[in-house]
Each structure stands twice: as structure tokens, then as C-alpha cells.
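Summary of structural features
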Amino acid sequence: MNLRINNPMIYFFGALGGLLFGYDTGVVSGAILFIKKDLHLTYMTQGLVVSAILVGAMIGAAISGPLSDKLGRKKVVIFSAAVFCIGALGSAFSVSTNMLIFFRLILGLAVGGASAMVPTYLSEMAPASTRGALSSLNQLMIVIGILLAYIINYVFSPTGDWRSMLGLAFIPGIVLLIGMTVLPESPRWLLKKGMENEARAVLDHMRKGIGVEDEIREIKRANAAENGGFRQVSERWVRPALWAGIGLAVFQQVIGCNTIIYYAPTTFTNVGLGNSAAILGTVGIGVVNVVITVVAIFLIDKVGRKPLLLIGNVGMAASLLLLGFVNGFYGSTHGAALTTVVCMAAYIAFFSLSWGPVVWVMLSEIFPLGIRGIGMGISSVANWFANFVVSLTFPILLHQIGISTLFIIYGAMGILAIFFVRKFVSETKGRSLEEIEFDLRDKEEKRQHASVTA
Ligand code: BGC
């Protein structure tokens, strides 16, 4: 462990896995146009090239959680970085469709691993007062990765060089691999494994010695009350966290975020924009995504997670419903095309302010230490599964039921999510991970007490 590395660098490298998550999921939207011609893809193999990464991500997320509880957060991120590098090179040099699908699946393993582990690592390193902002760096990296992918697609599209589009992900992959090796392990994981001196050294360094003994005492107290492992997942007191985690993960997808992120050019051309206007519009969506995520980083520890989720829901649902109704009543007019562009930008702005960053932050906060890896793994699998279903069905539904009805359905999901957040999600702002854990236990005790006295 090298403790000479300073805090901003720790958080930067800690979050870098997000960039690969964003780049690798975003780049295919442009690359597929050229891969299709070069490798003579059918509709079926096109779908497989695009969605293999999502299937891989489900597997990666499932493995990485329990593995990180055993081996540590840092090792899993390092392992993911190595897989990112192999996947990037493998897909860039693929000579056949099957080989490309295989390497996109391998890349998915790394994307899934990073999606679960990067926020966990960041949130276990961060102090309670700025944990929201620091863990949101993951989302900032994701959206920067997506924007980079859009730009690289734009740059390489005149030559149709899809191999460079896919292969460039090797560079951040190798930076992540090297950077992670000098980062410290999560102090919470070290304490869980009884390595108190190592944990103290990391916390001393990160907190400049302030409040370290109190933090260690709290973590040990939480640890002492836990069994950990798969058995604990079925214990009653952790169930509310599991439901909240799975719900947040699934709603993030069924409110339609990736129909905009992955299919923006398709939707733009669907309402009558030309190809170059569609590509430019897509870059615009990427920029809005990055800028508003920065705003969210400033707000998340002040306003809190829950209010952001609710504000986001209202804004997203309103944008989707307006988009749906305008296209329903005034489809194929200039006005409808313009409204679609504005609604999509507004939707992405509200998403970046809320469900984009907040979901991954909260998933890394709500589970007790003993099952944090597993809980995060389960929720991430749910997220990737929902992503897979929505992305796969979007083009078919767009064709069959039309843009208007489809976006009204996503809007309705946004309204449903409001009820879910109000009922099942508890605020985590400003509280230590251990306080959040003790709260879960208290709630269960109160529930038991109430059922005995009833
Ligand atoms: C979501 C991804 C999405 C990205 C875009 C993430 O929080 O999990 O599915 O593509 O945000 O902003």
C-alpha cells in the first residue's frame, strides 16, 4: 500500500472505472453502423454485438460483489481494469462476428464489476459529510466516458474506423490498472477482515488524523453485530435495504434513461432530423449530461438524495409525457421535432441531476458492511437486467406502438417511481455508513416490538 498518493488522486483513480463503463457502453451506438457493413451483420447479430456487453455486465456484477467481500474492493477493481484492457484489444482486433460478440461479453464482465465496485470503494473511503459528492464522481466519469464515446464516434465516422473506436478504450484501461495498484484498500473492508493497523493507517492518511479513532470504533461496533455472507441477506432487518436497492436499480432503467442515451440518433431521425443534425443533437445530449452531473455533485450533500430523486422524477415524467403527447397529436411536423429535441434535453438534465448519480451513490450506502458487496452485486445485476430488457425492446416497441405511446409508458413509470421513493427509500445524507446500518436494526426492533405489543 502506498500512502504517499494524495486524496484527490485516490478519488480520481477510484472513480476512473466509471469512465470505462460509460465509454464502452456508449461507443457501440456509432461503431455499429460500420461494423454492420464490415462483418456483414444480420439484425440478430447486430443485437448480439450491442447487447452482449449488458449480459456480461450482469455476470460481472454478480461475481464482483461476493468476490469483493472476500478479496477486497481494490483487487476487484484491478481485476476489472485488466479485463477492460483485454476486452478493448480483443474487440478492436476481432476478425469475425463471433469473436467480436465474445470480446464484448468479456468487456461486459469488467463493466459490471466496475459498476458495482467503484461506488462501493468511493463511498467506503469518503467521510460522511461529502460522501454523496465523492461517490458521484463515479457517475461523472460515466457521463464523461459516454461523451468521449460520442466525440470519438464523430471523429472516426468519416473513415468508418470502428476498430479504433473500440480499441481506444485500452488507454483509460491501462491507466486505471496502473493507478489502482498504488491506491489503498478500503478501510472498512480492512477492518472487516481484522486488519486494524492497516485500516488506521489509511484513515489517518485520508482524514489527516481527525476523528479516526471514533470512526474505527463505530465500524468495529457495526462489524461485531454482523454475521456477513449470504445467510445475512435473508435476515429480516436487511430486507428493507434490499428492496430499496433493487427498486432503485430497476426504476433507474425502466424510466427510460438508456433509450435516450443509446438511441438518441434513432429517435432524432425518427422525428425527421437529418443524419448530421441527429449526431450533433446526440453530442448535445452528452454535454448536458456532464454539465448537470457537476451541478448534482454540488447539491447531493446539501439538498439530500431523496429530494433530488423526487425533483428528477417530476421533471423526467413531465418531459416524457409532453414528448409523447406532442408526437401523438402533431407528429411529423417541425414543431413536434423541435419539441422532441427540447424534451429529450430536459429529460436528460433531470436524469443527470437525480437518478443518474443518486442511484449508484445510494446503492453503495444502504447495505450493512457484512453484505455490502453482495447487496451491491444483487442490485447491480437487477440494474443491468432491466437495462438489457429496456434496450432490447425499445427498437421493437418504437416500431410497433410508436414513439408517442412508448414515451408515455416510460413517463408513467416515472410517476410510479415517485410512490416507490416516498415509501421505500430513506435519506442517507450526512450520516455515516454505520449510522445508516444501526438505523436499519432499530427499525426492525421497533417493528418487532410493535407486533409483540399489538
Ligand atoms: C446508468 C446507466 C446510464 C448512465 C448514463 C448510469 O447511472 O446506470 O445505465 O447509461 O447513467 O448517464
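To start, this report covers the structure provided alongside it. Since the structure is predicted, the reported quantities are computational estimates derived from the model, not experimental observations.

1. Section: the overall build of the chain
What the chain contains, in helices and strands, is 21 helices and zero strands. With respect to the three principal axes, the spread of C-alpha positions in the chain is 65 × 55 × 35 Å. In the chain, of all internal contacts separated by at least 6 residues, the share reaching a separation of at least 24 is 84%. Taken as a whole, the chain presents about 18100 Å² of accessible surface, with 71% of it coming from carbon and sulfur.

2. What to know about the packing of helix 6 (residues 131-156) against helix 18 (residues 355-363)
Between two packed helices, both the angle of their axes relative to each other and the distance between the axes serve to describe the pair. Contact pair helix 6 / helix 18: the axes reach a minimum separation of 8 Å and the direction vectors enclose 115°. Considering the angle they form, helix 6 stands roughly perpendicular to helix 18. Once helix 6 is placed against helix 18, the crossing between them reads as right-handed. Within the contact between the two elements, helix 6 uses Gly132, Ser135, Ser136, Asn138 and Gln139 and helix 18 uses Gly356, Pro357, Trp360 and Val361.

3. Focus on the site of the ligand
Taken together, 13 residues lie near the ligand, and Gln139, Gln252, Gln253, Asn258 and Trp360 sit nearest. Within the side chain of Gln139, a nitrogen or oxygen atom sits 2.8 Å from an oxygen atom of the ligand. Between Asn258 and the ligand, the recorded distance is 2.6 Å, taken from a side-chain N or O atom to an oxygen atom. Those elements that place two or more of their residues in the shell around the ligand are helix 6, helix 13 (239-254), helix 14 (257-270), helix 18 and helix 19 (372-400). Top element by residues in the shell around the ligand is helix 6. It accounts for three residues. A breakdown of the residues in the shell around the ligand according to their chemical character gives five nonpolar, eight polar and no charged.

4. A closer look at unusual backbone geometry
For His40, which is not a glycine, the phi torsion comes out positive at approximately 50°. Residue position: His40 is located in the loop between helix 2 (28-38) and helix 3 (43-71). Look at His40 and you get exposed, because its relative accessible area is 67%. Positioned with a positive phi, Lys208 is a non-glycine residue whose angle comes to about 55°. On the secondary structure map, Lys208 appears in the loop between helix 10 (196-207) and helix 11 (212-224). Residue classification places Lys208 among the exposed residues on the basis of a relative accessible area of 62%.

5. Here's the deal with helix 17 (residues 334-353)
For helix 17, spanning 20 residues, the distance from its first C-alpha to its last is 29 Å, which sits close to the expected 28 Å at 1.5 Å a residue. Among all positions of helix 17, only Ala336, Ala337, Thr340, Cys343, Met344, Tyr347, Ile348, Ala349, Phe351, Ser352 and Leu353 are buried. In this structure, the buried side of helix 17 is in contact with helix 6, helix 13, helix 14, helix 15 (275-303), helix 16 (305-330) and helix 18.

6. Section: the packing of aromatic side chains
In this description, a pair of aromatic rings is defined by centroid distance and the angle of the planes. With the rule as written, the count across this model stands at eight aromatic pairs. Ring centres of Phe21 and Trp360 lie 6.3 Å apart, and the angle between their planes is 90°; on these two criteria the pair is classed as edge-to-face. Here the residue Phe21 occupies a position in helix 1 (residues 7-26), and Trp360 occupies one in helix 18, the gap between them amounting to 339 residues. On the numbers, 6.2 Å between centres and 70° between planes, the contact of Phe394 with Phe407 is edge-to-face. Taken as a pair, Phe394 in helix 19 and Phe407 in helix 20 (residues 402-424) lie far apart in primary sequence, 13 residues in all. In terms of burial, Phe394 and Phe407 fall into one category: buried.

7. Remarks on the pattern of salt bridges
Counting across every chain of the model gives 18 salt bridges. With a shortest N-O distance of 2.9 Å, Glu434 and Arg188 are connected by a salt bridge. With Glu434 in helix 21 (residues 433-453) and Arg188 in helix 9 (residues 187-192), the pair connects residues that are 246 residues apart, well separated along the chain. In this structure, Glu434 and Arg188 share a single accessibility class: buried. When salt bridges that share partners are traced, they join Asp69, Arg73, Glu124, Lys192 and Arg372 into one network.

8. Notes on the environment of Ser379
Secondary-structure assignment places Ser379 in helix 19. With 183 residues separating them in the primary sequence, Ser379 and Glu196 have C-alpha atoms 29 Å apart. Discounting chain neighbours no more than four positions away, the residues touching Ser379 are Gly245, Ile246, Ala249, Leu363 and Phe367. A polar side-chain atom of Ser379 sits 2.9 Å from the main-chain carbonyl oxygen of Gly375.

9. Structural notes on helix 21
Compared with an ideal rise of 1.5 Å per residue, which puts 21 residues at 30 Å, helix 21 spans 31 Å between its outermost C-alpha atoms and is within 8% of the ideal. Every buried residue belonging to helix 21 is among Leu433, Glu434, Ile436, Glu437, Phe438, Leu440 and Glu444, and all of these are buried. Structurally, helix 21 contributes buried residues whose contacts are with helix 5 (97-125), helix 6, helix 9, helix 11, helix 13 and helix 19.

Calculation criteria
- Residues numbered from 1 in each chain as written.
- Predicted model: local features only at pLDDT ≥ 70, side-chain atom pairs only at ≥ 80, totals over all residues.
- Heavy atoms only, no water.
- Helix = DSSP H or I, 4+ residues; strand = E, 2+ residues; numbered from the N terminus.
- Contact = heavy atoms within 4.5 Å.
- Areas by Shrake-Rupley, 256 points an atom, 1.4 Å probe, with all protein chains shown as cover.
- Axes fitted to C-alpha atoms, helices over the stretch in contact; angles between N-to-C directions.
- Parallel < 35°, antiparallel > 145°, perpendicular 65-115°, else oblique.
- Left-handed = near helix turned anticlockwise from the far one by under 90°.
- Near = heavy atom within 4 Å.
- Polar contact = N/O pair within 3.5 Å; in protein donor to acceptor, adjacent residues only side chain to side chain.
- Nonpolar A, V, L, I, M, F, W, Y, C, P; charged D, E, K, R; others polar.
- Buried < 20%, exposed > 50% of the residue type's maximum accessible area, 1.4 Å probe, protein only.
- Expected span 1.5 Å × (residues − 1).
- Phe/Tyr/Trp six-rings, centres within 6.5 Å; stacked < 30°, edge-to-face > 60°.
- Salt bridge = Lys/Arg side-chain N within 4 Å of Asp/Glu carboxyl O.

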